[in-house]
Amino acid sequence: HGAVVVRNVSVNDQNEVRIVEDGALPPLVDLLRSTDAKLQELAAGAIRNLSVNANNKVVIVQEGALPPLIALLSSSDDRIQEQAAVALRNVSLTEENETALVHEGGLPPLLELLHHTDDHIV
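Residues numbered from 1 in each chain as written. Predicted model: local features only at pLDDT ≥ 70, side-chain atom pairs only at ≥ 80, totals over all residues. Heavy atoms only, no water.

Caption draft 1: Inspection of the overall build of the protein at higher detail. Helix and strand content of the protein: 9 helices and 0 strands. Referenced to the eigenvectors of the C-alpha coordinate spread, the extents of the protein come out at roughly 35 × 30 × 25 Å. For the protein, with 122 residues in total, the buried portion stands at 44%. In the protein, the share of contacts with a sequence separation of at least 24, taken over all contacts with a separation of at least 6, comes to 66%. Only carbon and sulfur atoms are counted for the fraction: they give 52% of the accessible area of the protein, which is about 6700 Å². (Helix = DSSP H or I, 4+ residues; strand = E, 2+ residues; numbered from the N terminus. Buried < 20%, exposed > 50% of the residue type's maximum accessible area, 1.4 Å probe, protein only. Contact = heavy atoms within 4.5 Å. Areas by Shrake-Rupley, 256 points an atom, 1.4 Å probe, with all protein chains shown as cover.)

Below is the structure:
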């Protein structure tokens, strides 16, 4: 239930920075690696919301979120793919993260998503 609450409150501009400052990113990154698809979706959704904030974009990458987010692009669950893709879109808006995304191997799975049949993912 904690992941649901963090995802829900992370849509508030004032909460975005506070959530990261209070140390929520490491457990969220761990949840991205969970074998439970619902937890993966919730964690990716929370990171998606947090990644809207300019300061959080860099911290998200520093906390190691790129590899598991990139891995989730290949999930069989469309909702997980969408959350991961939007989070990656948001963090890639800085030049430093853009380079890191490509370096971490994000380009091939992102290009693969161009063939997806769901417009929310493409």
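Caption draft 2: Spotlight on the pattern of salt bridges. Enumeration over the complete set of coordinates arrives at 4 salt bridges. For aspartate 22, the salt bridge goes to arginine 18, with nearest N and O atoms at 3.0 Å. With a relative accessible area of 55%, aspartate 22 lands in the exposed category. Across the pair glutamate 41 and arginine 79 runs a salt bridge, and its minimum N-O distance is 3.8 Å. Within this pair, whereas glutamate 41 is found in helix H4 (residues 37–50), its partner arginine 79 is found in helix H7 (residues 78–91), the two being separated by 38 residues in sequence. For glutamate 41, a relative accessible area of 11% puts it in the buried group. Assessed through its relative accessible area of 48%, arginine 79 is described here as partly exposed. (Salt bridge = Lys/Arg side-chain N within 4 Å of Asp/Glu carboxyl O.)

Caption draft 3: Spatial organisation of the nonpolar core. One finds Leu32, Ile47, Leu69 and Leu88 to be the most contacted residues of the largest nonpolar core, which totals 28 residues. Of all the secondary structure elements, the ones that give two or more residues to this core are helix H2 (13–21), helix H3 (25–32), H4, helix H5 (54–62), helix H6 (66–72) and H7. Residue contacts for leucine 32: discarding those within four places in its chain leaves Gln40, Ala43, Ala44, Ile47, Ala65, Pro68, Leu69 and Leu72. (Core = buried A, V, L, I, M, F, W, Y, C linked by side-chain atoms within 4.5 Å.)

Caption draft 4: Highlighting the confidence of the model for the protein. This prediction gives the protein a mean pLDDT of 91; 97% of its residues lie at or above 70. When the elements of the protein are averaged for pLDDT, helix H1 (residues 2–9) gives the smallest value, 82, and H6 the largest, 97. (pLDDT = per-residue confidence, 0-100.)

Caption draft 5: Geometry of the side chain of asparagine 97. Note on placement: asparagine 97 falls in helix H8 (residues 95–103). Judged by its relative accessible area of 2%, asparagine 97 is buried. Once residues within four sequence positions are removed from consideration, asparagine 97 is found in contact with Lys57, Val58, Val61, Val91 and Ser92.

Caption draft 6: Representation of the side chain of lysine 57. Considering the arrangement of structural elements, one finds lysine 57 in helix H5. One polar contact links the side chain of lysine 57 to the main-chain carbonyl oxygen of asparagine 90, over a distance of 3.2 Å. (Polar contact = N/O pair within 3.5 Å; in protein donor to acceptor, adjacent residues only side chain to side chain.)

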